[in-house]
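# Examining the three-dimensional arrangement
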Amino acid sequence: MPIEIKSAREIELMTEAGRILEIVHNELGKALHPGMSTMDIDRLGEEIIRSYGCIPSFLNYNGYPASICVSVNEEVVHGIPSTKRILKDGDIVSLDAGVIYKGYHSDAARTHGIGEISKEARKLIRVTRESFFEGIKYAREGNHLFDISRAIGTYAESFGYGVVRDLCGHGIGTKLHESPQIPNYVLKRKGVMLKAGMTLAIEPMINMGTWEVKWLDDDWTVVSRDRSLSAHYENTVLITDGEPVLLTLTESEGQA
Ligand code: MF3
Ligand code: CO
């Protein structure tokens, strides 16, 4: 599939989809507390998304049963919210959400600590976020797609972390998943050349231990194979001929 170049009007709509998703993440981040269930997060997230006239894009996507993916500790991505899963002090929780605004998608993820978390967990969350920013140093017209992949992977591995290989970032637009796939690890090939108007969801998933993952019996939840902690950080990014535009991170640079 060719990679779509978005028109000015499409970029306008994706900018609004991104702005709303940023608000969703900021609100969810503030609401997190020990004692809440992962289902509470999903309910609140869906309510906020709909209050902006958006549709939660994950809900019923390939049968996924919720609006927010909530992945706790060794869960990498696609954790299914449950009233029985209660967050406790010291947990780390990755929230992944997507919205559709007037037919256009945005997609973003953040990892938060609940209460007091270990120094090691804090470092994993920080490095995962930093690896995204290492990647987007290369996210501009004229560079190659796998320049982004290489920068993310090299940075995360320099801390001895495992970079998840079974899941990738992706193009995004009128569909949640468009071409191209965006790996987070070093490749020998260069990948396609980046062009202004491409919109990409760049999403490093980083494990404290091995990069290997497995799927739980629910067929959704991905966990690290060695059950080590895992973090996820994602933004929807617009490629330009200069600095990339982070559609899902406009004002809260300091936010986790
Ligand atoms: N950010 C994830 C992705 O890009 C979200 C998809 S979860 C699903 O793959 F529930 F929608 F499948
Ligand atoms: Co994504």
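Above: the structure in question.
The sections below set out a description of the structure shown in this document. (Residues numbered from 1 in each chain as written. Chains lettered and ligands numbered in written order. Predicted model: local features only at pLDDT ≥ 70, side-chain atom pairs only at ≥ 80, totals over all residues. Heavy atoms only, no water.)

### As for the packing of helix α1 (residues 8-31) against helix α2 (residues 38-51)
- At their nearest, the axes of α1 and α2 sit 10 Å apart, and the two run at 145 degrees to each other. Crossing angle aside, the handedness with which α1 passes α2 is right-handed. Across from Val24, Glu27, Leu28 and Ala31 in α1, the residues of α2 making contact are Ile41, Leu44, Gly45, Ile48 and Ile49.
- Looking at side-chain class alone, the contact of α1 with α2 contains seven nonpolar, one polar and one charged residues. (Axes fitted to C-alpha atoms, helices over the stretch in contact; angles between N-to-C directions. Helix = DSSP H or I, 4+ residues; strand = E, 2+ residues; numbered from the N terminus. Left-handed = near helix turned anticlockwise from the far one by under 90°. Contact = heavy atoms within 4.5 Å. Nonpolar A, V, L, I, M, F, W, Y, C, P; charged D, E, K, R; others polar.)

### Brief notes about the nonpolar core
- Counting residues in hydrophobic clusters, the biggest one holds 35 residues, and the most contacted among them are Leu32, Ile41, Ile68, Leu87, Val93 and Leu95.
- Breaking this core down by element, the ones donating at least two residues are α1, α2, β2 (68-72), β4 (92-101) and β5 (104-113).
- For this core, the element with the most residues is α1, which contributes seven residues.
- Core analysis: the next-biggest nonpolar cluster, separate from the first, contains 33 residues, Val127, Tyr155, Tyr185 and Ile206 among them. (Core = buried A, V, L, I, M, F, W, Y, C linked by side-chain atoms within 4.5 Å. Buried < 20%, exposed > 50% of the residue type's maximum accessible area, 1.4 Å probe, protein only.)

### Concerning α1
- Helix length check: α1, at 24 residues, gives a terminal C-alpha distance of 35 Å against a target of 34 Å (1.5 Å per residue), a fit within 8%.
- Its buried side turned inward, α1 meets α2, β2, β4, β5, β9 (199-202) and β14 (235-238). (Expected span 1.5 Å × (residues − 1).)

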